[in-house]
Amino acid sequence: MAEEIADEDAQLASRIAKILDEASASIATHNRKLKELSALRSKTTSSSSSSSSSFFSAFAKALLPLFDFQRRLASAERVVRFVSAFATYRGPNQAPDCGDAFLEDFLRFLLAAAAAANRTARFRACHIFSEIIMRLPDDAEVTNELWDDVIECLKILVEDKVPVIRTCAVRALSRFATDCEDSDVLDLFLEVLPSEPNAEVRKTILLSLPPSNATSQAIIDCTMDVSESVRKAAYYVLADKFPLQSHSIKLRTVILQRGLADRSAVVSKECLKLMKDKWLTKCCNGDPIEFLKYIDVETYELVGESVMRALLEAGLIQIRDGQSIGRYILSECETTEDTANATPNIQLMEAEDALYWRMAKGSDAAAAMGTEAAVYAEEASKNNDLLERILPATVSDYIQLVKAHMNAGLNFPSRQLVLLGAMLDFSDTTNRKVASEFLVELLHKPFDHEVDDDGNMVVLGDGINLGGDGDWAEAVSGLARKVYAASGEFEEVILRVIEELAQPCRERTANFMQWMHCLAVIGLLLENARSLRSIQGKVIEPTELLQSLLLPAAKHAHLDVQRITVRCLGLFGLLEKKPSKEVVKQLRLSFIRGPTPISVMACKALIDLGMWHNPQEVDGSLGLEVQDSEVASSPITLSDEEENPSTKLLDLLYAALDKDDLGNLLGSDGNESVQAVLGEGFAKILLLSENYLSIPASLHPLLLTKLINLYFSSKTKDLHRLKQFLSVFFEHYPSLSAKHKKYISKAFVPVMRSMWPGIDGNAGGSAFVVSNMRKRAVQASRFMLHMMQAPPYRKENETEDVSGSEDLPETENNTVEPPPECGEEGLAIRIAAEVASFPEKKTPAERAYISAMCRVLVLLHFRLSEQGAIKLMKRLLISVAGSISTEKDLIKELKRMADHLKAIDKHPEQELVQDQANLIFGRLELDFNVDLTGSVETLQTPAPPSTRPTRTRRRVRYQETSSDEETSPTSVVPATACTVTRRSERASKTAAVAKITANRGRSMEEDDIAKQEDSEVTSDESSDESCQLTE
């Protein structure tokens, strides 16, 4: 009987396997095979009560080879689709209980496969899970307990180590992510999305997220994903699931700003599709002005310009007949017959209308200018006709329109209309006269201000540019350049206005508002003038401008006047052929004596002068000796420079950068500080160092040390602009030149010494503070190592000589190799010499410092061409190993490094002579004596001396926790005090007192060695903290 049942089961499994094989051939046969397999299941189930399990057993047996088949072929995919469809299939004559029972059995089978150790079995089970869940009808009868097991299993598979399994698990759970009652699946998706390393899995999660307030921010964050496909999917989801009104104004601008400026054309097209098909067409009925209202262009003007530019390039803005700016100018002649004396009645524009017309006119005019206008004459003529039709009829109407908006206090529309004036034709004398009168009115318009409770006037705006706004000043200057197009006419008109405004200033009857207004116009002139020669021969000479206005204003009692004056002095110095003594002296004085806003402005001016004229010329203007020299070795006191300005420009700026009172130098906005300005300025100088050959080479590593300290300092965490600037600087600096890597190598040890607590007088603190300081220093060391290992940029037809007149060796690929002082070999020798220079008896801070340095040392590589550096490093490793002889893991790494150096030594029989070592140390500018005696075959690692105390000295001495802990030259507590206490505490918790007494001495020694082998960066501090807790 049993044999007959077995034969029947085998025949049934064979028939099922045959059906599966036929289904794997083509999808077209699936419907027919589903009916055939369903009929077989019904027939088998109806024959006996136990045949239901028999069918499933045969089905599982026939399907098992699929779970061992690793290749992802189309035939295997078709089988997965077929069995998933069969699990949810219900024939016309089939009992519902039959299909549901099979489904439950199949789900339990898949649960077992999903928990298997084999990745192929997990993948097939997860894949079938996803297909079943997607096809499953709502009326399927499955127990809640089984569904809970399936969901929990899929949650586990979402974090599987195989990306394709995670993808299938996410796809399977996507149907449950919309469950309002249970948000566990959605919370899981939001949790794993930011940390998911695979782009395809992130894309699948993104497409599975439902639209809600909880998911919108996560989807928008994906628009900055590193993967192009994920970013494209993010914009697809935003377009498909989120209407325009569901986002705040800030989020709308973020979406458009990122998408339209994306580096991938595919992503930018997807963003344009979102904006065009969904937001513009469906939500705004194709009206671009209505769409701009959803962006708040007055606050996000750049985003509005990007939107208009994209719509214009896509041809989605069509100006119809009757649409023009003239409709905002309604003449009174409609109600009176006297058209000659009619006055215009202005209808005010909204911000969106003003931006729309300004961008539309700019595009139309650009298409009709230059060579394109000559080549496409007919198209240019049409565009010119369109421009004439939509612009105001006369210049007078245009000016009336601008004045009406200015009088109404609508600054944004006014500025857009002023920018629009560049499209008008001012070749007619009458138009030029009217526009000139209007410009003079604009230049005479003072700063807006308000009066506080004490009756003092407070300037509104930035207090520097005309009208208190840099964009407004730029718009006015652009219109003035258009109107005063003749050579020298612009400067002549501006100087006449300055002469009128300067009259009360010369007579010393002007208040600070009049001074600031006059200086703002002067700044507008200096900012747009090409040189001081264009100002000479006018109503006011440059010398008179400097002596009678700028220098007296720099000594004004009001700080706002001083601030705007310093800016004008900086612009004046840039226009000079050589910087004058008066300008440089006053800028230095303002930089030293002025409060933070003035000092920041003077710092910017001095850096600009140094980069434009060269630091030597700036120093020469004060009569300082101009020669290539080293950096000032003695500390510079800024207060002494007021009476005797003998310090050179770079030394003065470096002294300010070296100040520690960063908190006192922060400006009101938190981003404007002397330290931030100096950091940006020195980074630019280092990046363009080839243009400033007069800067001493010794200054480069000093500046790098300060910049790296600024980048990793916790005090500059709020200076976001500086952080971003330095991140870009450090990315490009090491790859531009081999010399730059030489400076990084020289700055490595000073950076580590300046950041490590307990070294060179650096303050320590609590265990938590010291641990964070050490971690930050280790992070900086890895950062500098990454810069040293950065590949250089390729320069076509250019060979850089980084070692003077010596020819650099070439590799097999004809690429120039830098000398050892510019490579990793030089850095390795510097680190080894630094480690070996420490005395035998070290403080806990010194031991942790040496350990951190050695962990960087073992990551450096040596080139085969540098045989001298290899032989020297083999010698230095002996001293390095002696300094960290108690740390077994580091000793292993050093031995591995020594073995590698021995393997790449081409002539191991030749010994390194003293002259060769001195030559290498000389090129590295190191004063170090290396012991060339003894064998270098193996590292000599002396055994640590026994520190076992006598029985009568096991009393622990108390030690206070303070910042002196890391800076004290010797430790107060003996080396084994902490160990003895911890050992006795553990012994007191055991019951074997006799064993402890017999083996106490041996156990104490073993514990001492184990403690010394701890090589973590914070191990010493943790040990000290353990002592304090034990006490």
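About the thresholds
Residues numbered from 1 in each chain as written. Predicted model: local features only at pLDDT ≥ 70, side-chain atom pairs only at ≥ 80, totals over all residues. Heavy atoms only, no water. Helix = DSSP H or I, 4+ residues; strand = E, 2+ residues; numbered from the N terminus. Contact = heavy atoms within 4.5 Å. Phe/Tyr/Trp six-rings, centres within 6.5 Å; stacked < 30°, edge-to-face > 60°. Lys NZ or Arg CZ within 6 Å of the ring centre and 35° of its normal. Axes fitted to C-alpha atoms, helices over the stretch in contact; angles between N-to-C directions. Parallel < 35°, antiparallel > 145°, perpendicular 65-115°, else oblique. Left-handed = near helix turned anticlockwise from the far one by under 90°. Nonpolar A, V, L, I, M, F, W, Y, C, P; charged D, E, K, R; others polar. Patch = residues over 30% accessible without salt bridge, like charges linked within 9 Å, V, L, I, M, F, W, Y side chains within 5 Å. Areas by Shrake-Rupley, 256 points an atom, 1.4 Å probe, with all protein chains shown as cover. Salt bridge = Lys/Arg side-chain N within 4 Å of Asp/Glu carboxyl O. Lys, Arg positive; Asp, Glu negative; His and termini not counted. Charge placed at Lys NZ, Arg CZ, Asp CG, Glu CD. Buried < 20%, exposed > 50% of the residue type's maximum accessible area, 1.4 Å probe, protein only. pLDDT = per-residue confidence, 0-100. Polar contact = N/O pair within 3.5 Å; in protein donor to acceptor, adjacent residues only side chain to side chain. Core = buried A, V, L, I, M, F, W, Y, C linked by side-chain atoms within 4.5 Å. Expected span 1.5 Å × (residues − 1). Disulfide = S-S within 2.5 Å.

1. Observations concerning the overall build of the protein
Then comes step 1: On a plain count of helices and strands, the protein comes out with 47 helices and 4 strands.
Then comes step 2: In the protein, the share of contacts with a sequence separation of at least 24, taken over all contacts with a separation of at least 6, comes to 71%.

2. Some thoughts on unusual backbone geometry
Then comes step 1: Its identity as a non-glycine residue notwithstanding, Asn285 has a phi of 55 degrees, on the positive side.
Then comes step 2: Assignment of secondary structure puts Asn285 in the loop between α14 (265-284) and α15 (288-293).
Then comes step 3: Even without a glycine there, the phi angle at Asp296 is positive, about 60 degrees.
Then comes step 4: One can find Asp296 in the loop between α15 and α16 (301-313).

3. With respect to the packing of aromatic side chains
Then comes step 1: Inspection of every chain in the model, using the stated rule, returns 24 aromatic pairs.
Then comes step 2: Among the aromatic residues, those joined into a ring-pair cluster are Phe55, Phe56, Phe59, Phe67, Phe86, Phe102, Phe106 and Phe109.
Then comes step 3: The ring centre of Phe102 lies 5.1 Å from the NZ or CZ of Arg41, which sits over that ring.

4. What to know about the packing of helix α26 (residues 542-554) against helix α27 (residues 559-575)
Then comes step 1: Running from amino to carboxyl end, α26 crosses α27 at an angle of 150 degrees, the nearest separation of the two axes being 8 Å. By the angle between their directions, the pair α26 and α27 is classed as roughly antiparallel. The chirality of how α26 crosses α27 is left-handed. Here Pro542, Leu546, Leu550, Leu551, Ala553 and Ala554 of α26 come into contact with α27, specifically with Val561, Gln562, Thr565, Cys568, Leu569 and Phe572.
Then comes step 2: Across the contact of α26 with α27, the residue classes tally to 10 nonpolar, 2 polar and no charged.

5. Brief notes about a negative patch on the surface
Then comes step 1: Side chains of Glu145, Asp148, Asp149, Glu159, Asp179, Glu181, Asp182, Asp187 and Glu191 sit close together on the surface and give a patch of like negative charge.
Then comes step 2: Elements with a contribution of two residues or more to the negative patch: α7 (144-157) and α9 (184-192).
Then comes step 3: The element contributing the most residues to the negative patch is α7, with 3 residues.
Then comes step 4: Inspection of the secondary structure puts Asp148 in helix α7.
Then comes step 5: Since its relative accessible area comes to 44%, Asp148 is described here as partly exposed.

6. Overview of the pattern of salt bridges
Then comes step 1: One pass over the structure, following the stated rule, counts 35 salt bridges.
Then comes step 2: Between Arg432 and Glu489 there is a salt bridge; the shortest N-O distance is 2.9 Å. Residue Arg432 is found in helix α22 (residues 429-444), and its partner Glu489 is found in helix α24 (residues 489-506); the two are separated by 57 residues along the sequence.
Then comes step 3: Between Lys445 and Asp448 there is a salt bridge whose closest N-O contact spans 3.4 Å.
Then comes step 4: Among the residues examined, Lys445 registers a relative accessible area of 35% and is labelled partly exposed.
Then comes step 5: Residue classification places Asp448 among the partly exposed residues on the basis of a relative accessible area of 36%.

7. Overview of the confidence of the model for the protein
Then comes step 1: The pLDDT averaged across the protein works out to 81; a share of 78% of its residues lies at or above 70.
Then comes step 2: Predicted confidence is poor over residues 797-813, with pLDDT under 50, and the contacts of this stretch with residues over four places away or in other chains come to 28 contacts.
Then comes step 3: Considering only residues more than four positions removed or in separate chains, one finds that residues 950-1031, a stretch of pLDDT under 50, has 92 contacts.

8. Points about the environment of Thr253
Then comes step 1: Turning to its location among the elements, Thr253 is positioned in helix α13 (residues 249-260).
Then comes step 2: The class of Thr253 is buried, set by a relative accessible area of 1%.
Then comes step 3: A sequence separation of 43 residues divides Thr253 from Asp296, and the C-alpha atoms of the two residues are 8.7 Å apart.
Then comes step 4: For Thr253, the residues in contact, after removing those within four places along its chain, are Ile295, Tyr300 and Val303.
Then comes step 5: A polar contact of 2.6 Å, which involves the side chain of Thr253, links it to the backbone oxygen of Lys250.

9. Some points on the environment of Lys739
Then comes step 1: Relative to the assigned elements, Lys739 resides in helix α36 (residues 738-755).
Then comes step 2: Residue Lys739 is classed as partly exposed on the basis of its relative accessible area of 36%.
Then comes step 3: It is 9.5 Å that separates the C-alpha atoms of Lys739 and Gly823, two residues lying 84 residues apart in sequence.

10. Focus: the packing of α7 against helix α8 (residues 163-173)
Then comes step 1: Here α7 crosses α8 at 140 degrees, and the two axes come no closer than 8 Å. In this structure, α7 crosses over α8, and the sense of that crossing is left-handed. In contact with Ile151, Leu154, Lys155 and Leu157 of α7, α8 contributes Ile165, Arg166, Ala169, Ala172 and Leu173.
Then comes step 2: Looking at the contact of α7 with α8, its residues break down into 7 nonpolar, no polar and 2 charged.

11. Describing the nonpolar core
Then comes step 1: Of all hydrophobic cores here, the largest spans 301 residues; its most connected members are Phe106, Ile498 and Met873.
Then comes step 2: At 12 residues, the largest contribution of residues to this core is made by helix α25 (residues 512-528).

12. Structural notes on helix α29 (residues 596-613)
Then comes step 1: In a regular helix each residue adds 1.5 Å, so 18 residues correspond to 26 Å; α29 covers 25 Å between its end C-alpha atoms and thus fits that length.
Then comes step 2: For α29, the tally of buried residues reaches 14 of 18 residues, placing the bulk of the element in the interior.

13. Concerning the side chain of Glu104
Then comes step 1: Position of Glu104 relative to the elements: it lies in helix α5 (residues 96-114).
Then comes step 2: Contact partners of Glu104, with chain neighbours within four places excluded, come to Glu141, Val142, Thr143 and Leu146.

14. Digging into α7
Then comes step 1: End to end, α7 covers 20 Å across 14 residues, agreeing with the expected 20 Å (1.5 Å per residue, within 8%).
Then comes step 2: Those residues of α7 that fall on the buried side of the exposure criterion are Leu146, Trp147, Val150, Ile151, Cys153, Leu154, Lys155 and Leu157.

15. Remarks on the state of the cysteines
Then comes step 1: Applying the stated criterion across every chain yields a total of 0 disulfides.
Then comes step 2: Of all cysteine sulfurs in the structure, the one in Cys283 sits closest to Cys284, which takes part in no disulfide; the separation is 6.1 Å.
Then comes step 3: We classify Cys284 as buried; its relative accessible area is 3%.

16. Examining the environment of Pro197
Then comes step 1: Residue placement: Pro197 occurs in the loop between α9 and α10 (199-208).
Then comes step 2: With 34 residues separating them along the chain, Pro197 and Pro163 place their C-alpha atoms 8.8 Å apart.
Then comes step 3: Contact partners of Pro197, with chain neighbours within four places excluded, come to Arg166 and Arg202.

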